[in-house]
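Coordinate analysis (summary)
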Amino acid sequence: PLQKDSTRATTTRPTTGSSSVPKDLNASIVDIGCGAGEFLYWLNSKGYRNIIGYDISIEQVEKGKALYDVDIQHVNILEQDFDLKALDLIFMRDVLEHFDAEMLDLLLGRIESVIHFNPTVIIQTVNGNSKIFSSILYSDITHKSCFTERSVHQLFSSRFNCDLEFIPWYPV
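Residues numbered from 1 in each chain as written. Predicted model: local features only at pLDDT ≥ 70, side-chain atom pairs only at ≥ 80, totals over all residues. Heavy atoms only, no water.

1. Concerning the confidence of the model for the protein chain
When pLDDT is averaged along the protein chain, the result is 79; 81% of the residues meet or exceed 70. Contacts of residues 1-17 to residues separated by more than four positions or lying in other chains number 79 contacts, the stretch itself having pLDDT below 50. (pLDDT = per-residue confidence, 0-100. Contact = heavy atoms within 4.5 Å.)

Right, here's the structure in full:
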């Protein structure tokens, strides 16, 4: 089922032995808001080949294509079509906090409209219950939102019939 899997992390990555990353190296994985593609590069180094990343920043996409041998596409996920039909994993690290409520509704609506299976969704975002959340939230002027477990439940249960799992990552 669609899952939510983290609250905040620094540079920690999921591991292939964890429940968050499929064990099948042929799994279909997308990284939404992939930046330069570091997570895709990590997946590729572990043997995953059916991976793709989308980012709105042309600079990040060009940087990633120059540094890593992974498929990164310049896509505005709120406006352009993208394919999530047969995915096993959707990964969004430090993405949701860049959206206000209206944009979040549009984003989840777009994801809902293209999902035809029940992939795992891993989301890492600012943890509003953290003692240091304000230093993370306000460290980037493009941040528009902050979340708690309750607000993530509200956000996802309004669109998806899903089980949510919260795993705090450093710093909490």
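2. Observations concerning helix 5 (residues 149-157)
Among all positions of helix 5, only V152, L155 and F156 are buried. Looking straight down helix 5, one finds that the buried residues subtend no more than 85° of arc, so they occupy a single side. Every exposed residue of helix 5 that faces more than 90 degrees away from the buried side is listed here: R150 and S157. (Buried < 20%, exposed > 50% of the residue type's maximum accessible area, 1.4 Å probe, protein only. Helix = DSSP H or I, 4+ residues; strand = E, 2+ residues; numbered from the N terminus. Arc of directions from axis to C-beta.)

3. A few points about the packing of aromatic side chains
This model, assessed by the stated rule, comprises three aromatic pairs. Ring geometry for F39 versus W42: centroids 5.9 Å apart, planes at 15°, classification stacked. Taken together, the residues span about one helical turn, with F39 and W42 both in helix 1 (residues 38-45) at a distance of three residues. The residues F39 and W42 share a single accessibility class, namely buried. (Phe/Tyr/Trp six-rings, centres within 6.5 Å; stacked < 30°, edge-to-face > 60°.)

4. Quick word on helix 1
Taken together, the buried positions of helix 1 are F39, L40, W42, L43 and N44. Its buried side turned inward, helix 1 meets strand 1 (29-32), strand 2 (51-55), strand 3 (72-74) and strand 4 (89-93). Just downstream of helix 1, G47 is the residue with a positive phi angle, here 105°.

5. Considering the nonpolar core
Within the largest apolar cluster, 27 residues are counted, with the highest numbers of intra-cluster contacts made by I32, I90, M92, L96, L107 and F156. For this core, the secondary-structure elements that each account for two or more residues are strand 1, strand 2, strand 4, helix 3 (101-114), strand 5 (120-124) and helix 5. Broken down by element, this core gets its largest block of residues, four residues, from helix 3. Aside from chain neighbours lying at most four places away, what touches M92 is I32, L107, I111, V121, I122, I123 and Q124. Listed in part, the 18 residues of the second largest apolar core include I29, W42, Y48 and I122. (Core = buried A, V, L, I, M, F, W, Y, C linked by side-chain atoms within 4.5 Å.)

6. Section: the pairing of strand 4
Of all five residues in strand 4, five are buried; the element is thus mostly enclosed. Note: strand 1 against strand 4, three bridges, orientation parallel. The residue of strand 4 that forms the bridge with I29 is L89. Sheet analysis places strand 4 next to strand 5, joined by five bridges and oriented parallel. Looking at the pairing, I90 lines up with V121 of strand 5. (Pairing = 2+ DSSP bridges.)

7. Considering the environment of Q73
Mapped onto the secondary structure, Q73 falls in strand 3. Sequence separation of Q73 and I52 is 21 residues, and the distance between their C-alpha atoms is 7.7 Å. Setting aside anything within four residues of it in sequence, one finds Q73 in contact with I52, G53, Y54, D55 and V61.

8. Brief notes about the environment of H98
Secondary-structure assignment places H98 in the loop between strand 4 and helix 3. Given the relative accessible area of 24%, H98 is considered partly exposed. Spatially, the C-alpha atoms of H98 and C146 are 9.1 Å apart, while their sequence positions differ by 48 residues. Other than its neighbours up to four places away in sequence, H98 contacts M103, D140, T142, H143 and K144. Among the polar contacts made by the side chain of H98, one reaches the side chain of T142 at a distance of 2.8 Å. (Polar contact = N/O pair within 3.5 Å; in protein donor to acceptor, adjacent residues only side chain to side chain.)

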